[in-house]
Amino acid sequence: MRDPLRSPAPLTSGLPSPAAPADPLGPSAPPSRRRFLKLTAVGAGAAGIAGAAGLAGATSAEAVTSGLTSLTHPGVLHSLADLNRMRTKVAAGAQPWLAGYNVFAADFFSSSSYVVAGGRATVTRGTSPEDGNIDLWYDCNAAYQNAVMWYITQDTAHAYKALEIIKSWTNALQTINGADAELAAGIYGAKLAAAVEIMHYTGPAGSWTQSELDATVAMFQNIFVPLINIYGDGGYGLMGLKGMMQIAVACNNLSLFNDAYNAFYTNSCCALTKLVQSGTGQCCESGRDQGHTQLILGSLAEICQTGWIQGLDMFGASNSLLLSGFEYTAKYNLGNTVPYDATFGRCNWHWSSLSTDGRGAFKPIYEMAYNHYVKRAGKSAPYTSQVASNLRPEGAPTQCDQVGFGTLLFSL
């Protein structure tokens, strides 16, 4: 195993280091190694399937660009001000941040004693055997959560754990393959990029050489990016878009960032307006199940959060269409009646009725939306607000699918 303490590091924060709050719970047990349900459409109830040509050249509409000339760092999910807010609020014992921190710190993946699963030369997802798949998503969660723990507590054991994980995959990974390679590269890549961004710009002195950082950037650009820039259909394509946005910032690559930004607005199968219906807020996979619907909404929010840090109001796109999506889904999952349009679905698949599968099982995605739309933008979001309140303090994600822990991470 490589020594994560080698060489000079980038930036250190000037904010005084608080004492780490006591963890009354201790680390939780490891999560189940349940295989994540594939995002490809399956099952009955389809209203129709378009021809394969529907995805050909899926970047219609006039291309748009962010207009940025540089990227802000740290800038994947959390700005420096965001990280400082978490640290100071937790140190002061302020609520709801402290309650959120206690849940976060107790999680299996937040422990500096976490045993690294990787790296592996090959990761396969969606084709049996799925060698290395669980190892990668486990490690991506642990790298990110230890990076956040490092910044909040200033305990270097967390910093070195995050860097040990990042370096182990940088040194080993050569291929991501399988039928769901795009999902692995997009979902896991987004979480790993968030860890890299925090450690790059706040890591302790002597922890990361420039050559090591360059190798990590090369890993992202040579292995992850070619798999995610195809932007497939519906939620499947969105996972690639999310990965591209976060990886672009971590690699300080404005060209890749603009590619993701353009896809968010114009892609014919996974742009915002193709995923959430204008006027109703219905999601393109609302007829599939409520778990994948919330995965789509949460991933869109993550993209918008990173855009916000870069000075772009993607949350406000199409008259705050994402908020409509959250409100529609929250309202339905709280037990209310909502309209359903069977003609609105993915490019290559529609569902004939609104799905009850997973109804009422809320994913940890609501704090991010609530805090932006209600607390920052001053908008009304009664159903999103109710769910966020019910979940507070928000807990762990499903596998690596969301960021989770929004009470700590996104409360304003």
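Computed from a prediction, not measured in an experiment: that's the story for all the values here. (Residues numbered from 1 in each chain as written. Predicted model: local features only at pLDDT ≥ 70, side-chain atom pairs only at ≥ 80, totals over all residues. Heavy atoms only, no water.)

K.L.:
Run through helix α6 (residues 210-228), naming residues and quoting values.
P.N.:
The first and last C-alpha atoms of α6 sit 26 Å apart over 19 residues, in line with the 27 Å expected at 1.5 Å per residue. Bending of α6 peaks at approximately 25° at the position of Gln221. Residues Glu212, Leu213, Thr216, Val217, Met219, Phe220, Ile223, Phe224, Val225 and Ile228 constitute the buried set of α6. For α6, the elements touching its buried residues are α4 (156-172), β3 (175-177), α5 (181-202), α7 (234-250) and α8 (254-266). (Helix = DSSP H or I, 4+ residues; strand = E, 2+ residues; numbered from the N terminus. Expected span 1.5 Å × (residues − 1). Bend = angle between axes of the 7 residues up to and from the residue. Buried < 20%, exposed > 50% of the residue type's maximum accessible area, 1.4 Å probe, protein only. Contact = heavy atoms within 4.5 Å.)

K.L.:
Give me the lowdown on unusual backbone geometry, citing residues and values where you can.
P.N.:
Across the junction of His73 and Pro74, the peptide omega takes the value -15°, indicating a cis bond. Looking at the secondary structure, you find Pro74 in the loop between β1 (46-48) and α1 (80-91). Of note, the phi angle at Tyr231 is positive, near 50°, even though the residue is not glycine. Notably, Gln399 is not glycine yet its phi reads approximately 45°, a positive angle. Note that Gln399 resides in the loop between α13 (382-391) and α14 (406-410).

K.L.:
Requested: an account of the state of the cysteines, with residues and values cited.
P.N.:
Per the counting criterion, the structure on display carries one disulfide. Not part of a disulfide, Cys140 finds its nearest cysteine sulfur in Cys400, a span of 5.3 Å. The buried category is assigned to Cys140, whose relative accessible area is 1%. Cysteine Cys283 shares no disulfide, and the gap to the nearest cysteine sulfur, in Cys284, comes to 4.4 Å. (Disulfide = S-S within 2.5 Å.)

K.L.:
I'd love a proper account of the packing of aromatic side chains, names of residues and values included.
P.N.:
Scanning all chains against the criterion turns up 15 aromatic pairs. With a centroid separation of 6.0 Å and 55° between ring planes, the pair formed by Phe109 and Tyr114 is classed as tilted. Side by side, Phe109 and Tyr114 carry an identical accessibility label, which is buried. Ring geometry for Trp349 against Trp351: centres 6.4 Å apart, planes inclined by 50°, an arrangement best described as tilted. Grouping aromatic residues by their ring pairs yields a cluster made of Phe108, Phe109, Tyr114, Trp137 and Tyr138. The aromatic ring of Tyr151 is capped on one face by Arg87, whose charged end is 4.0 Å from the ring centroid. (Phe/Tyr/Trp six-rings, centres within 6.5 Å; stacked < 30°, edge-to-face > 60°. Lys NZ or Arg CZ within 6 Å of the ring centre and 35° of its normal.)

K.L.:
Outline the side chain of Glu285, supporting the account with residue identities and numerical values.
P.N.:
Structurally, Glu285 is set in the loop between α9 (272-275) and α10 (290-309). A polar contact of 3.2 Å, which involves the side chain of Glu285, links it to the backbone nitrogen of Gly235. (Polar contact = N/O pair within 3.5 Å; in protein donor to acceptor, adjacent residues only side chain to side chain.)

K.L.:
Can you explain the packing of α7 against α10? Please cite residues and give values.
P.N.:
One can describe the packing of α7 onto α10 by two numbers: an axis separation of 10 Å at closest approach and a directional angle of 25°. It follows that α7 is roughly parallel to α10 by the angle criterion. Crossing of α7 against α10: the hand is left-handed. Where α7 abuts α10, its residues Gly235, Leu238, Met239, Leu241, Lys242, Met245, Gln246 and Val249 lie against Leu295, Ile296, Ser299, Leu300, Glu302, Ile303 and Thr306. Tallied by class, residues from the contact of α7 with α10 come to nine nonpolar, four polar and two charged. (Axes fitted to C-alpha atoms, helices over the stretch in contact; angles between N-to-C directions. Parallel < 35°, antiparallel > 145°, perpendicular 65-115°, else oblique. Left-handed = near helix turned anticlockwise from the far one by under 90°. Nonpolar A, V, L, I, M, F, W, Y, C, P; charged D, E, K, R; others polar.)

K.L.:
Would you mind going over the pattern of salt bridges in detail, with residue names and values included?
P.N.:
Think of it this way: side chains of opposite charge can pair up when their charged atoms draw near. Counted under the stated rule, the structure contains nine salt bridges. Note that Lys161 and Glu164 form a salt bridge whose closest N and O atoms lie 3.2 Å from each other. Linking Lys161 with Glu164, this pair stays in helix α4, spanning three residues, or about one helical turn. The buried category is assigned to Glu164, whose relative accessible area is 11%. Between Lys242 and Glu302 there is a salt bridge, with its nearest N and O atoms 3.6 Å apart. With Lys242 in helix α7 and Glu302 in helix α10, the pair connects residues that are 60 residues apart, well separated along the chain. With respect to class, Lys242 is no different from Glu302; both count as buried. Each of Glu285, Arg288, Asp289 and Arg346 takes part in salt bridges that share partners, so that together they form one network. (Salt bridge = Lys/Arg side-chain N within 4 Å of Asp/Glu carboxyl O.)

K.L.:
Explain the environment of Thr293 to me, and be specific about the residues and the numbers.
P.N.:
The residue Thr293 is located in helix α10 in this model. Take Thr293: its relative accessible area is 0%, and that puts it in the buried class. Leave out the neighbours within four places in its chain, and Thr293 touches Cys283, Glu285, Ser286 and Thr329. In this structure the side chain of Thr293 is engaged in a polar contact, spanning 2.9 Å, whose partner is the backbone oxygen of Asp289.

K.L.:
Talk me through the environment of Ala195; I want residue IDs and the actual numbers.
P.N.:
The topology assignment puts Ala195 in helix α5. Classification of Ala195 by relative accessible area gives buried; the value is 0%. Linking Ala195 and Leu163, residues 32 residues apart in sequence, is a C-alpha distance of 8.7 Å. For Ala195, the contacting residues outside a window of four places in its chain are Ala143, Tyr144, Ala147 and Ile166.

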